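The residues making up each chain are set out below.
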Amino acid sequence: MLNKISKILFPALGVCCLAGTLTGCSLLPMEEPELKPPLVQPVTESLTLFEAKKANITKQITGVATFASDKMDYLFYKESSGRLTSFNVKLGDKVHAGDVVASTETGDLEMKIRLQEIAIEKIKISMAQVIADKGGDDPDVRLKMLDYESAQLQLKSLRSQLERSTLVATVDGIITYIEPMKLGDQVSAYKQLVTISDPNSMKLVYTASSQNDLVGVEINMDVNVKIKDKSYVGKVVQTPMTAPISDNKTIQDKNSKSLFINVPKLPAEVSVGSQADITIVTEQRENVLVIPRSGLRSYMGRDYVQIMEGESRKEIDVEKGIVAAREVEIRKGITEGQKIILNN
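Keep in mind that what you see is a predicted model, and the values were worked out from it rather than measured.

Calculation notes
- Residues numbered from 1 in each chain as written.
- Predicted model: local features only at pLDDT ≥ 70, side-chain atom pairs only at ≥ 80, totals over all residues.
- Heavy atoms only, no water.
- Helix = DSSP H or I, 4+ residues; strand = E, 2+ residues; numbered from the N terminus.
- Contact = heavy atoms within 4.5 Å.
- Pairing = 2+ DSSP bridges.
- Salt bridge = Lys/Arg side-chain N within 4 Å of Asp/Glu carboxyl O.
- Buried < 20%, exposed > 50% of the residue type's maximum accessible area, 1.4 Å probe, protein only.
- Core = buried A, V, L, I, M, F, W, Y, C linked by side-chain atoms within 4.5 Å.
- Phe/Tyr/Trp six-rings, centres within 6.5 Å; stacked < 30°, edge-to-face > 60°.
- Expected span 1.5 Å × (residues − 1).

Asks: Can you lay out the overall build of the protein chain for me, pointing to particular residues and giving the numbers?
Replies: The number of helices and strands found in the protein chain is four helices and 20 strands. Expressed as a percentage of contacts within the protein chain between residues at least 6 apart in sequence, the contacts between residues at least 24 apart total 73%.

Next up, the structure:
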């Protein structure tokens, strides 16, 4: 009987234990599936390509030029002359040779001059009395003459000082420049204060940022001059290389980066200060290999381009020709049709 019960009970208990084990496992947290990183697409490099082609190329200078007098006089003090006490002109004023343009402080200089004139007059009276009393050969007469000569030299020096305190127009003309100074400002030696221009003789003047911007311009080159929608043909008559030598620093600085252009048969309304658009062609070639300037790369004196060959890029040394504002001529290194990678 016991054996029968055991045979029935033990299998039943085994089944219960197995069921309990399975139930206990279901209460444990489920493991999350392993997350894989998303696939990242490789970044595709965006390239701007240009197909090398043949075209005409022109290098030119364009800008705005101003009509200025061909005959100008620059006024300045040759030594520091104290403080400015008067400025007698303004822009556009007409002046004549001898007119006083500006003055600086003189202190008691005028009083010294007057006292010296009185002293000279006294010497002259005293000398006349000695001659009358002792004759012209007396040693005292000689002494008086020396006193008189000395006093005259002193008077000349004082008057010269007074003259140097004034800035005087040396020619007839129009005031076209005035240094922005206020009364009481210190006057420096050789600093240009006023420019007087002759309105009857004009040239068109183009001033660049530097002398390098004018490379290639030569005397007698044609200039297209546009004045109020009308075009005229001018000629280059002066470049930085042909400018006359001057000891005036203001003139030197101006000439070092300026072109002077002669324009015949100007309209009557053109005057000093009028402006015109100019174009000067310095170089041009036809049917040459041309690429954008952004396609030419330079490093340590080396000129090269990058070209696209299939899916890869390649560097090629080149020889450049005319370099214009937006394009450059390529003389050697690449051929027509090659795809140039632009340097964005």
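There is more to say after this.
Asks: Tell me about the sheet that holds strand β3 (residues 72–75), and please be specific about residues and values.
Replies: Across a sheet, strands are paired by hydrogen bonds formed along the backbone, either parallel or antiparallel in direction. Read from one edge of the open sheet, four strands run β3-β9-β8-β5, paired in antiparallel fashion. At either end of the open sheet lies a strand with only one pairing partner, and these are β3 and β5 (94–95). In this structure, β3 lies alongside strand β9 (residues 194–197), joined through four bridges in antiparallel fashion. Its bridge partner being in β9, Met-72 is matched across the sheet by Ser-197.

Asks: I'd like a description of the pattern of salt bridges, backed by residues and values.
Replies: In the structure shown here, the tally under the stated rule is 10 salt bridges. A salt bridge links Asp-222 to Lys-235; its shortest N-O distance comes to 2.6 Å. Of this pair, Asp-222 sits in strand β11 (residues 222–227) while Lys-235 sits in strand β12 (residues 230–238), and the two are 13 residues apart along the sequence. When its relative accessible area of 37% is taken as the criterion, Lys-235 is described as partly exposed. Arg-285 serves as the salt-bridge partner of Glu-329, at 2.4 Å between the closest nitrogen and oxygen. Here Glu-329, found in strand β19 (residues 327–332), pairs with Arg-285, found in strand β14 (residues 275–292); they are 44 residues apart in sequence, far enough to count as distant. In this structure Glu-329 comes out as buried when scored by relative accessible area, which is 2%. Residue class for Arg-285 comes out partly exposed when judged on its relative accessible area of 36%.

Asks: Can you tell me about the nonpolar core, naming the residues and giving the values?
Replies: One finds Leu-204, Tyr-206, Val-223, Val-225, Ile-227, Ile-278 and Ile-280 to be the most contacted residues of the largest nonpolar core, which totals 21 residues. Those elements that place two or more of their residues in this core are β2 (53–69), β10 (202–207), β11, β12, β13 (258–262) and β14. Leave out the neighbours within four places in its chain, and Ile-278 touches Ile-61, Thr-62, Gly-63, Ala-65, Leu-204, Tyr-206, Val-223, Asn-224, Val-225 and Ile-261. In this structure, Val-101, Ala-102, Ala-169 and Met-181 belong to the second largest nonpolar core, which totals 15 residues.

Asks: So what about the packing of aromatic side chains? Which residues, and what values?
Replies: Scanning the model with the defined rule gives one aromatic pair in all. With centroids separated by 5.5 Å and ring planes inclined at 35°, the aromatic side chains of Phe-76 and Tyr-190 adopt a geometry described as tilted. Note that Phe-76 is positioned in the loop between β3 and β4 (84–87) and Tyr-190 in the loop between β8 (173–178) and β9, a separation of 114 residues in sequence. Since its relative accessible area comes to 22%, Phe-76 is described here as partly exposed. The exposed category is assigned to Tyr-190, whose relative accessible area is 55%.

Asks: Pulling in residues and values, what's your account of helix α3 (residues 139–164)?
Replies: Residues spaced three or four apart along an α-helix point in a common direction, a consequence of the helix completing one turn every 3.6 residues. The end-to-end C-alpha distance of α3 is 38 Å, a good match for the 38 Å that 26 residues give at a rise of 1.5 Å each. Looking only at α3, the buried set comprises Val-141, Ala-151, Leu-155 and Leu-158. Against the buried residues of α3 lie α2 (109–134).

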